[in-house]
Amino acid sequence: MPALPHPAYIYRPMTVADLTAAHALSVQLKWPHRLEDWAMLQRVSDGFVVMDGERLIGSAFTCPQGDYATIGLVIVSNDYQGQGIGRRLMETALAACGTRTPVLNATLAGAPLYASQGFVEFGRVQQHQGQTLVPALPALASGENCRALNADDHASLLALAKAASGLDRREVLRDLQVEHAVGIERDRQLRGFALLRPFGRGRCIGPVVAENIEQAKHLIATLLAQVPDTFVRIDIPGVCGLSDWLEQAGLKNIDTVAQMALGTPPQASQGVHPFALITQAIG
């Protein structure tokens, strides 16, 4: 018999003042998120917390992205497991989606809860990370060149990000702290891009958008060359074909999660594909 919600627990929107205590939940799980990573998500999402008196015991985020909303960082303190808190947090996050289709990346522990709420798996995401060994730069096709991006490329970058992910990335990408941004150009049109930014224990590469795997490898290798011998994380779709190449570059596959949607999942279009997520919480 499922546990009934505890009447004394308070479910409410997250505020900036909650971030330190919420971050402590992910530290408890040994997740690598920095306080700054939580703050970024709080700015672009609808966040929710559960309180037991003055103690924050649970969290969840709903991030609106066009016709979809991604749900992430659904956490319940170890001391409060088995009381139905996670289920009620999910119900709160789902209500915040409104008419948007909910999408999430589920840990093995969380997948049964989401499946019981109607979510269906549509893919896998592989988490690769480690101390980088800068790979040789793969050749680009004739007529293509890779260059650093600037503010003039922003509109093209947003269009590519939406085409590859099916998600409206305007608010999310506006808030990212980007150290390096590179793109592949052909016939004076941007056809792929990749971003390098601080995250967790070091740096993160993502999103990565490209027409094909050789473009993706070139973009990633270009960014890895900016941070040799640095701890780097990249979360890739399991079907993208990059896993073995990343392993050779020192980025080991340390975890796999399930991509799940409550409805029709987002689709890539316009000949470009996602080769790395922003984060598992945002997609």
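Here the structure is a predicted model, which is why all the values come from computation and not from measurement.

What counts, and where the lines are drawn
Residues numbered from 1 in each chain as written. Predicted model: local features only at pLDDT ≥ 70, side-chain atom pairs only at ≥ 80, totals over all residues. Heavy atoms only, no water. Buried < 20%, exposed > 50% of the residue type's maximum accessible area, 1.4 Å probe, protein only. Helix = DSSP H or I, 4+ residues; strand = E, 2+ residues; numbered from the N terminus. Pairing = 2+ DSSP bridges. Right-handed = clockwise from strand over helix to strand, strands pointing away. Salt bridge = Lys/Arg side-chain N within 4 Å of Asp/Glu carboxyl O.

Draft legend 1. A look at the pairing of strand 11 (residues 231-237). In terms of residue burial, strand 11 counts as a mostly covered element, since seven of its seven residues are buried. Bridge analysis of strand 6 (residues 120-131) against strand 11 gives seven bridges, and the strand direction is antiparallel. Across the sheet, Gln127 pairs through a bridge with Asp235, a residue of strand 11. Chirality of the crossover, the property in question, places the unit of strand 10 (residues 202-210), helix 7 (residues 213-224) and strand 11 among those that are right-handed.

Draft legend 2. Expanded view of the pattern of salt bridges. Per the counting criterion, the structure on display carries 16 salt bridges. Asp79 is the partner of Arg55 in a salt bridge, and the nearest nitrogen-oxygen pair spans 2.9 Å. Taken as a pair, Arg55 in strand 3 (residues 55-65) and Asp79 in the loop between strand 4 (68-76) and helix 3 (85-97) lie far apart in primary sequence, 24 residues in all. Under the relative-accessibility criterion, Arg55 is labelled partly exposed at 37%. Across the salt bridge formed by Glu185 and Arg147, the nearest N and O atoms sit 3.1 Å from each other. Pair noted here: Glu185 is in strand 8 (residues 180-186) and Arg147 is in strand 7 (residues 144-148), with a separation of 38 residues, a long-range link. By relative accessible area, Arg147 is classed as partly exposed at 24%. One connected set of salt bridges, linked through shared partners, spans Glu144, Arg186, Arg191 and Glu211.

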